[in-house]
Amino acid sequence: MQYDLTDRATIEYLLGEHGFSFSKSLGQNFIIDPDVCPRIVEESGIDSGWGVIEIGPGIGVLTAELCAAARKVVSIEIDRKLEPILKKTLADFDNSEIIYGDVLKTDIPALIEEKFRGMDVCVCANLPYYITSPVIMYLLEKGKGLRSLTVMVQKEAAQRLCAPVGSRDSGAITAAVNYRSVAEKLFDVGKNSFMPSPKVDSSVIKLTIREKPPVDVEDEKLFFSVIKAAFGQRRKTALNSLSSGLSLPKSVISQALESCGFTANMRAETMTMQDFAALTKALGTVDN
Ligand code: SAM
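Keep in mind that what you see is a predicted model, and the values were worked out from it rather than measured. (Residues numbered from 1 in each chain as written. Predicted model: local features only at pLDDT ≥ 70, side-chain atom pairs only at ≥ 80, totals over all residues. Heavy atoms only, no water.)

### Re the overall build of the protein chain
Rules: Secondary structure elements follow DSSP: runs of H or I no shorter than four residues count as helices, runs of E no shorter than two count as strands, and numbering proceeds from the N terminus. Each residue gets one of three labels from its accessible area relative to the maximum for its type: buried under 20%, exposed over 50%, partly exposed in between, using a 1.4 Å probe on protein chains only. Contact definition: two residues touch when any of their heavy atoms are within 4.5 Å. Here the positive residues are Lys and Arg and the negative ones are Asp and Glu; neither His nor the chain ends is included. A charge is said to be at NZ when it belongs to Lys, at CZ for Arg, at CG for Asp and at CD for Glu.
What the protein chain contains, in helices and strands, is 12 helices and nine strands. Principal-axis analysis of the C-alpha atoms gives the protein chain an extent of 70 × 40 × 30 Å. In the protein chain, which comprises 288 residues, the share counted as buried stands at 51%. Within the protein chain, counting contacts between residues at least 6 apart in sequence, those at least 24 apart form 68% of the total. Between the centroid of the 33 positive side chains of the protein chain and the centroid of its 37 negative side chains there is a distance of 7 Å.

Structure below.
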């Protein structure tokens, strides 16, 4: 039986039948706008050759749309209470598999190897908002084998993730995401497109994984620490933020900034990827 998973009455019937109630702490806001899932699928660029990893299928509204377009869809859902509902709503698809667990504890390369051998693989998801940044960073850092992430996030998060590095809207996550992928905003989705309706609007973004980072960095760990420290105290200069964030004397930071030709009062949000790479190199060589 095909269910219309964007119809409120159908959703209420399914949830009621299984005594399911939404969990705010798990970020459960399900899509009820019939235009949104087809658009996510279309703009993700997948076709019948692709494998898709979905995070948080909920009752399966996006999952069903992905299954109709892709070769195989593996969805990772933390809430086991959704199992009897998903068994019903996805019964017609033989290319859907649900894994019950936490995405942040899932070995993505092993999953790709086991479930999607020989396929191009991407992530498509309406992400649980309480862990947007950790999930994106986890997938970018530990998701070897993924080609892209097409994900719905809060509008404000999308703005930061897709901002040019070195612009006012950029933050530590902007630079980190930019190092591993090319970020683009696809479209906005209003808060009334969800059940229950969240407090803020959302946007769908696409992160296309880079084959090679845009800058050469020898010590990636230090590079990410420098970015994090530089943005640590937004209203302070990079000198002060870096000194407290990296626990290094100001004289050491000054020396590194100077050797890169930067002024002592420069701010993190004006720094480019090249600036962060140069500063990382300088900090890796100064005596302290
Ligand atoms: N895809 C559905 C939709 O668009 O209607 C549901 C999206 S809802 C915003 C987020 C989903 O992620 C929920 O089903 C929630 O239970 C699940 N979730 C929350 N935290 C998770 C985690 N750490 N790992 C896997 N799934 C998680």
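Right, picking up where we left off after that structure.
### Regarding the nonpolar core
As a reminder, the rule being used: Only buried Ala, Val, Leu, Ile, Met, Phe, Trp, Tyr and Cys residues count toward a nonpolar core, and they belong to the same one when joined by side-chain atoms within 4.5 Å. Note: domain ranges come from an automatic or database domain assignment.
Formed by 63 residues in total, the largest nonpolar core has its most connected members in Ile-53, Phe-223 and Phe-276. For this core, the two domains that each supply at least three residues are domain 1 (8-209) and domain 2 (220-285). In this structure, Phe-223 is in contact with Tyr-179, Val-215, Val-217, Met-273, Phe-276, Ala-277 and Thr-280, ignoring residues within four places of it in sequence. Counting residues in each nonpolar core, the second largest holds 39 residues, with Ile-46, Val-73, Cys-124 and Tyr-129 among its members.

### Re unusual backbone geometry
A cis geometry characterises the amide bond from Met-195 onward to Pro-196, with omega recorded as -15°. Summarising the element assignment, Pro-196 is placed in the loop between strand S8 (194-195) and strand S9 (202-209).

### Some points on the domain arrangement of the protein chain
As a reminder of what qualifies: Accessible-area loss on putting two parts together, using a 1.4 Å probe and summing over both, is the definition of buried area adopted here. Salt bridges are defined by distance alone: a side-chain nitrogen of Lys or Arg within 4 Å of a carboxyl oxygen of Asp or Glu. In protein, a polar contact means a hydrogen-donor-capable atom and an acceptor-capable atom, both N or O and within 3.5 Å, with residues adjacent in sequence counting only if both atoms are side-chain atoms; elsewhere, any N or O pair within 3.5 Å suffices. Three classes are used: nonpolar for Ala, Val, Leu, Ile, Met, Phe, Trp, Tyr, Cys and Pro, charged for Asp, Glu, Lys and Arg, and polar for all others, with Gly counted as polar.
Domain annotation for the protein chain reports domain 1 (8-209) and domain 2 (220-285). Every contact between the two is made by 13 residues of domain 1 and, on the other side, 13 residues of domain 2. In this assembly, domain 1 packs against domain 2 so that about 1,000 Å² is buried in total across both faces, 64% of it on carbon and sulfur atoms. We note a salt bridge from Glu-220 to Arg-180, for which the minimum N-O separation is 3.4 Å. Between the two partners, domain 1 and domain 2, sit four residue pairs in polar contact (both at pLDDT 80 or more). Here the element with the most residues in the side of domain 1 that touches domain 2 is helix H8 (residues 172-180); it accounts for six residues. Classifying every residue of the side of domain 1 that touches domain 2 gives five nonpolar, five polar and three charged.

### Section: helix H1 (residues 8-17)
Applicable threshold: Each C-beta atom gives one direction from the helix axis, and the arc is the one those directions make.
The complete set of buried residues in H1 reads Thr-10, Ile-11, Leu-14 and Leu-15. With its buried residues spanning 125° around the axis, H1 presents them on a single face. Pointing more than 90 degrees away from the buried face of H1 are the exposed residues Ala-9, Tyr-13 and Gly-16. Once H1 ends, the next one or two residues include Gly-19, with phi positive near 60°.

### Quick word on empty space enclosed by the protein
Here is the rule we go by: In this analysis the probe radius is 1.4 Å and the grid spacing 1 Å, with only protein atoms considered; a cavity is a set of points the probe fits into but cannot get out of, a pocket is an open set with protein on both sides within 12 Å along at least five of seven lines, and lining residues have an atom within 4 Å of a point. Grid points are joined across faces, edges and corners, and a volume is the space filled by probe spheres set on the points.
Tallying each qualifying case throughout the model produces one cavity of 30 Å³ or more. Of the volumes computed, that of the largest cavity is approximately 350 Å³. Breaking the lining of the largest cavity down by element, the ones donating at least two residues are strand S1 (30-31), strand S2 (51-55), helix H3 (61-69) and strand S3 (72-77). Among the residues making up the lining of the largest cavity, the classes are represented as 17 nonpolar, seven polar and three charged.

### Thoughts on the pairing of S9
Just so we agree on the cut-off: For two strands to count as paired, DSSP must find a minimum of two bridges between them.
In terms of residue burial, S9 counts as a mostly covered element, since six of its eight residues are buried. Relative to S9, strand S6 (residues 146-154) is paired through seven bridges, and the arrangement is antiparallel. Looking across to S9, one finds that Val-153 is bridged to Ser-203.

### A closer look at the site of the ligand
What counts here: Any residue with a heavy atom positioned within 4 Å of a molecule or strand is treated as near that molecule or strand. Values of accessible area rely on a 1.4 Å probe in the Shrake-Rupley scheme; residue burial ignores everything except the protein chains shown. In this scheme, a molecule is assigned to a cavity or pocket if more than half of its atoms are within 2 Å of the grid points.
If you check the shell around the ligand, you find 24 residues, and the closest are Ile-31, Gly-56, Glu-77, Asp-102 and Tyr-130. Within the backbone of Pro-57, one N or O atom sits 3.4 Å away from a nitrogen atom of the ligand. Separating an oxygen atom of the ligand from a side-chain N or O atom of Asn-126 is a distance of 2.9 Å. Isolated, the ligand exposes 600 Å² of accessible area, and the fraction of that covered by the protein chains is 99%. Using a 2 Å cut-off from the grid points, one finds that the ligand occupies the largest cavity.

### What about helix H2 (residues 36-44)?
Restricting attention to buried positions, one finds in H2 the residues Val-36, Cys-37, Ile-40, Val-41 and Ser-44. On an axial view of H2, the arc spanned by its buried residues comes to 135°, and they lie on one face. Looking one or two residues beyond H2, the residue adopting positive phi is Gly-45, at roughly 85°.

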